[in-house]
Amino acid sequence: MNPVFAALPTTVFETMSRLAQVHGAINLGQGFPDDPGPEDVRACGARALRDGWNQYPPMMGLPALREAVAAHYGQHQGLTLDPETEVMVTSGATEAIAGALLALIEPGDEVVLFAPMYDAYLPLVRRAGGVPRIVALQPPAFRLDEAALAEAFGGRTRVVVLNNPLNPSATLIDPADLDVLARYCRRFDVIALCDEVWEHVVFDGARHRPLMALPGMRERTVKIGSAGKIFSLTGWKVGFVMADARLMRGLAKAHQFLTFTTPPNLQEAVAYGLGKPTPWFEAMRTGYARSRDRLADGLRGLGFTVLPAQATWFLNIDIAGLGYADDAAFCEALVTRHGVAAIPVSAFYPDASVSNLVRLCFAKEDATLDAALDRMRGLSGGPA
């Protein structure tokens, strides 16, 4: 087997999910809601499956969805996109990321990555022949440090991968940091691969700022979105890619030989969903913010140190000083002894250099969060 994949260990997500099943734990580890998703979007998908076209749709995606993507991002982020030449539909955001890396990287090209990072980035970069240059972001702010950027970028840098909002830190990249990153991309003629799947799940009145909208970045940015995150339908695996037509020609060729296309009924449903009025998206954010606050307040009441959560479905607790060797040991004890599954943030750092944070998913029903909090009593040294 290819050594890039043969050498990969079992992911912490798989490990924790298995332990959650074995121990009957409440799973706050994996990032998925415990509700079925918007009824009208699901109904649209069901009608399209029953009554619509179920043969191959166009490789670039249904025209209705590509037009909906262009209109949606024009309305919500002020982007002007040509649905014919600058929008493509993929089978999830991970396929979009994989295809983009395969299309953009030649063996020996350097790729700047920021840790903590989605676990697919590093093996995909290596499989494409890229040489990773990793910049570690430090809690609690997870800011981009210009000195670290200056060390990472160079004449062989081809791509920088940016996840914003950032999972697992639950942070929005600071606008000043985005400006600095754009400057480095322009200076070194680098393509920015922007994983922005959490762009709609932002809280407290914040607005997502796409790197593509910054001066000089329109022609050098590949922007990726996900219907699974926007509509809380993680199993649908419908992603979309936005890029300048010149870049899109290469991206489309990589996609053609990966999944080629995506179920047409799901595309019809996502096209419908993207056209929802702005208040729907605001209500979605309000609902998740309420769940965030419920879990955060409960954890603080138990004596835990909770980091700010500006976006995503996650928040982090700092377990330094609680008597555990590291975050992995804490998570193992949490699931096996207390029946709650969580994810150690060290798993998102290739060198496990940050090992005092634990990620919890709050995209759950109130009763699920309350039951998890009840099981966590006494773990922090706080109220039992």
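Rules used throughout
Residues numbered from 1 in each chain as written. Predicted model: local features only at pLDDT ≥ 70, side-chain atom pairs only at ≥ 80, totals over all residues. Heavy atoms only, no water. Helix = DSSP H or I, 4+ residues; strand = E, 2+ residues; numbered from the N terminus. Rg over C-alpha atoms; globule rule 2.2 N^0.38 Å. Buried < 20%, exposed > 50% of the residue type's maximum accessible area, 1.4 Å probe, protein only. Areas by Shrake-Rupley, 256 points an atom, 1.4 Å probe, with all protein chains shown as cover. Lys, Arg positive; Asp, Glu negative; His and termini not counted. Charge placed at Lys NZ, Arg CZ, Asp CG, Glu CD. UniProt positions renumbered as here; feature names shortened; annotations may be inferred. Pairing = 2+ DSSP bridges. Axes fitted to C-alpha atoms, helices over the stretch in contact; angles between N-to-C directions. Parallel < 35°, antiparallel > 145°, perpendicular 65-115°, else oblique. Left-handed = near helix turned anticlockwise from the far one by under 90°. Contact = heavy atoms within 4.5 Å. Nonpolar A, V, L, I, M, F, W, Y, C, P; charged D, E, K, R; others polar. Patch = residues over 30% accessible without salt bridge, like charges linked within 9 Å, V, L, I, M, F, W, Y side chains within 5 Å. Salt bridge = Lys/Arg side-chain N within 4 Å of Asp/Glu carboxyl O.

1. Topic: the overall build of the protein
Thinking step 1. Summing up its helical and strand segments, the protein has 14 helices and 13 strands in all.
Thinking step 2. The C-alpha atoms of the protein give a radius of gyration of 21 Å, which matches the 21 Å a tight globule of 384 residues would have.
Thinking step 3. When its C-alpha atoms are laid out on the principal axes, the protein stretches across 60 × 55 × 45 Å.
Thinking step 4. Out of the 384 residues in the protein, the part that is buried amounts to 56%.
Thinking step 5. Summing over all exposed atoms, the protein offers an accessible surface of approximately 15,600 Å²; the carbon and sulfur share of this is 52%.
Thinking step 6. Across the protein, the 35 positively charged side chains and the 41 negatively charged ones have centroids separated by 2 Å.

2. Description of the UniProt feature "domain: Aminotransferase class I/classII large" (unreviewed entry) in the protein
Thinking step 1. When the UniProt feature table is mapped onto this chain numbering, "domain: Aminotransferase class I/classII large" (unreviewed entry) sits at residues 26-375.
Thinking step 2. Secondary structure content for residues 26-375 is 40% helix and 16% strand, and the end C-alpha separation is 9 Å.

3. Looking at the sheet that holds strand 10 (residues 314-318)
Thinking step 1. Pairing is antiparallel across the open sheet formed by four strands, whose spatial order is 9-10-13-12. The sheet is open, and its two edges are formed by strand 9 (305-306) and strand 12 (343-344), each paired on a single side.
Thinking step 2. Across five bridges, strand 10 lies against strand 13 (residues 357-361) in antiparallel orientation. Looking at the pairing, D318 lines up with L357 of strand 13.

4. Comments concerning the packing of helix 4 (residues 63-77) against helix 11 (residues 264-274)
The description of two helices packed together rests on the angle between their axes and the distance between the axes.
Thinking step 1. Here helix 4 crosses helix 11 at 25°, and the two axes come no closer than 8 Å. By the angle between their axes, helix 4 is roughly parallel relative to helix 11. Like other packed secondary-structure pairs, helix 4 and helix 11 cross with a definite hand, here left-handed. Contact residues: helix 4 offers A64, L65, A68, V69 and H72, while helix 11 offers Q267, V270, A271 and L274.
Thinking step 2. Each residue belonging to the contact of helix 4 with helix 11 can be placed in one class, and the counts come to seven nonpolar, two polar and no charged.

5. Considering the environment of R158
Thinking step 1. Among the structural elements, R158 can be located in strand 5 (residues 157-163).
Thinking step 2. For R158, a relative accessible area of 31% gives the class partly exposed.
Thinking step 3. Once residues lying within four places of it in the same chain are set aside, the contact partners of R158 are L104, D109, E110, V190 and I191.

6. Observations regarding a nonpolar patch on the surface
Thinking step 1. A cluster of nonpolar side chains, contributed by M1, F5 and L8, occupies part of the molecular surface with about 370 Å² of accessible area.
Thinking step 2. Along the polypeptide, L8 turns up in the loop between helix 1 (3-6) and helix 2 (12-23).

7. Regarding the pairing of strand 2 (residues 87-90)
Thinking step 1. Of the two faces of strand 2, the one holding V87 and V89 and the one holding M88 and T90 are both buried throughout.
Thinking step 2. Of the pairings in the sheet, the one linking strand 2 to strand 8 (residues 239-243) comprises four bridges and is antiparallel in character. The partner of V89 across the bridge, within strand 8, is F240.

8. Some words on the sheet that holds strand 2
Thinking step 1. Here seven strands make up an open sheet; going across it, the order is 2-8-7-6-5-3-4 and the pairing mixed. In the strand order of this sheet, the two ends are held by strand 2 and strand 4 (131-136), each with one partner. On average, each strand axis in the sheet is tilted by 20° relative to the strand beside it, whichever way the strands run.
Thinking step 2. Note that strand 5 and strand 6 (residues 191-195) share five bridges and pair parallel. Note that in strand 6 the partner of L162 across the bridge is C194.
Thinking step 3. Its contacts with the sheet put helix 5 (residues 93-104) on strand 2, strand 5, strand 6, strand 7 (221-226) and strand 8, and the angle it makes with strand 7 is roughly 160°.
Thinking step 4. Most of the contacts of helix 8 (residues 175-188) go to strand 5, to which it runs at about 160°, and overall it touches strand 3 (110-115), strand 5 and strand 6.

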